[in-house]
Amino acid sequence: SAVISQKPSRDICQRGTSLTIQCQVDSQVTMMFWYRQQPGQSLTLIATANQGSEATYESGFVIDKFPISRPNLTFSTLTVSNMSPEDSSIYLCSVQQGGGTEAFFGQGTRLTVV
Amino acid sequence: AQKVTQAQTEISVVEKEDVTLDCVYETRDTTYYLFWYKQPPSGELVFLIRRNSFDEQNEISGRYSWNFQKSTSSFNFTITASQVVDSAVYFCALLSGYSTLTFGKGTMLLVSP
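Now for a look at the structure at hand. As the structure is a computational prediction, the values presented were derived from the model and not from experiment.

**Overview of the pairing of strand β7 (residues 68–72) of chain A**
All names here are of chain A. With three bridges connecting them, β7 and strand β8 (residues 75–80) associate as antiparallel partners. Among the inter-strand pairings, I68 is bridged to a residue of β8, identified as L78. Remark: two residues form the turn of the hairpin made by β7 and β8, two consecutive strands paired antiparallel.

See below:
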């Protein structure tokens, strides 16, 4: 199974600022995924990040707000830009292995925007 | 379209009681995978089990057991002799085709001493 290190684990940020979340995997993976979990809600996919190409965003999420980098097969970052209190959520990165049949998650980043 | 329904929003039990968390799924694919994850208050998602659509054998792991029934599109999760440490949000998820995970809304389990 993949081991995923995500940081920071939590942060409190001022509105209008940006936060970059890092996700490091202990093995090479083709696709990495970023999810948002708003308080008391389920997980919602933000985007899929492939190495060497632009991330693919889900409906309701845009690159200007959530820019993603994927410089190599073991690392990705998600930036939450121009934050507002509505961005307070847990953000999780994920990878799928086994031909896409196994899914693993990082520890999550608990973001509070004040 | 894929869909996962966890009808139980919150369940409260007393320690040592058995508890079953329900999960019903929808998919048109014949090959798919079902997952259960545990999310404790710290926020990380802990993988519990993966089951593929061709394996309807029930599984037991310690106090945890899973009942997969294709006829009713259900993949229920039972905790036997619950403990306070089992308190968490539990998510059922579906993966089919070449797509991403579809999560249910989660069931919050509260186990009191």
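**As for the interface of chain A and chain B**
Facing the 19 residues of chain A at the interface are 19 residues of chain B. For the chain A and chain B pair, buried surface summed over both sides reaches about 1,400 Å², with 56% attributable to carbon and sulfur atoms. Interface area lost by chain A to chain B is led by A:S42, A:T101 and A:F105, which between them contribute 31%. Our count for the contact surface shared by chain A and chain B stands at zero salt bridges. Each residue belonging to the side of chain A that touches chain B can be placed in one class, and the counts come to eight nonpolar, nine polar and two charged.

**Here's the deal with the side chain of A:Q6**
Residues and elements named next belong to chain A. With respect to the secondary-structure elements, Q6 resides in strand β1 (residues 4–7). Judged by relative accessible area, which is 6%, Q6 ranks as buried. A polar contact of 3.2 Å, which involves the side chain of Q6, links it to the backbone nitrogen of G108. Residues within four places of Q6 in sequence aside, it is in contact with I21, Q22, C23, W34, Y91, L92, C93, G106, Q107, G108 and T109.

**Here's the deal with the state of the cysteines**
In total, this model carries two disulfides over all chains according to the counting rule given. Through a disulfide, A:C23 is tied to A:C93; the S-S separation comes to 2.0 Å. Residues A:C23 and A:C93 are joined by a disulfide whose S-S torsion is about 70 degrees; by sign, that bridge is right-handed. Pair noted here: A:C23 is in strand β3 (residues 19–25) and A:C93 is in strand β9 (residues 89–97), with a separation of 70 residues, a long-range link. Given a relative accessible area of 0%, A:C23 falls into the buried group. The disulfide that involves B:C23 links it to B:C92, with 1.9 Å between the sulfurs. Across the disulfide from B:C23 to B:C92, rotation about the S-S bond amounts to roughly -65 degrees, and the bridge is consequently left-handed. Of this pair, B:C23 sits in the loop between β3 (19–21) and β4 (24–26) while B:C92 sits in strand β10 (residues 88–96), and the two are 69 residues apart along the sequence. Taking relative accessible area as the criterion, B:C23 reaches 0% and is therefore assigned buried. Residue class for B:C92 comes out buried when judged on its relative accessible area of 0%. In this model A:C13 remains outside any disulfide bridge; the closest cysteine sulfur is found in A:C93, 17 Å from its own.

**Section: the pattern of salt bridges**
Inspection of the entire model under this criterion finds four salt bridges over all chains. Notably, a salt bridge pairs A:D87 with A:K65, separated by 2.6 Å at the nearest N-O pair. Remark: A:K65 occurs in the loop between β6 (56–57) and β7 and A:D87 occurs in the loop between β8 and β9; sequence separation between them is 22 residues. The class for A:D87 is buried, based on a relative accessible area of 5%. Of the charged contacts in the structure, one is a salt bridge between B:E59 and B:R51, with a shortest N-O distance of 2.7 Å. Overlapping salt bridges bring together B:R51, B:D55 and B:E59 as one network.

So, how was this worked out
Residues numbered from 1 in each chain as written. Chains lettered and ligands numbered in written order. Predicted model: local features only at pLDDT ≥ 70, side-chain atom pairs only at ≥ 80, totals over all residues. Heavy atoms only, no water. Pairing = 2+ DSSP bridges. Helix = DSSP H or I, 4+ residues; strand = E, 2+ residues; numbered from the N terminus. Contact = heavy atoms within 4.5 Å. Buried area = accessible area lost by both parts, 1.4 Å probe. Salt bridge = Lys/Arg side-chain N within 4 Å of Asp/Glu carboxyl O. Nonpolar A, V, L, I, M, F, W, Y, C, P; charged D, E, K, R; others polar. Buried < 20%, exposed > 50% of the residue type's maximum accessible area, 1.4 Å probe, protein only. Polar contact = N/O pair within 3.5 Å; in protein donor to acceptor, adjacent residues only side chain to side chain. Disulfide = S-S within 2.5 Å.

Without other data, these values stay purely geometric and don't point to any function.
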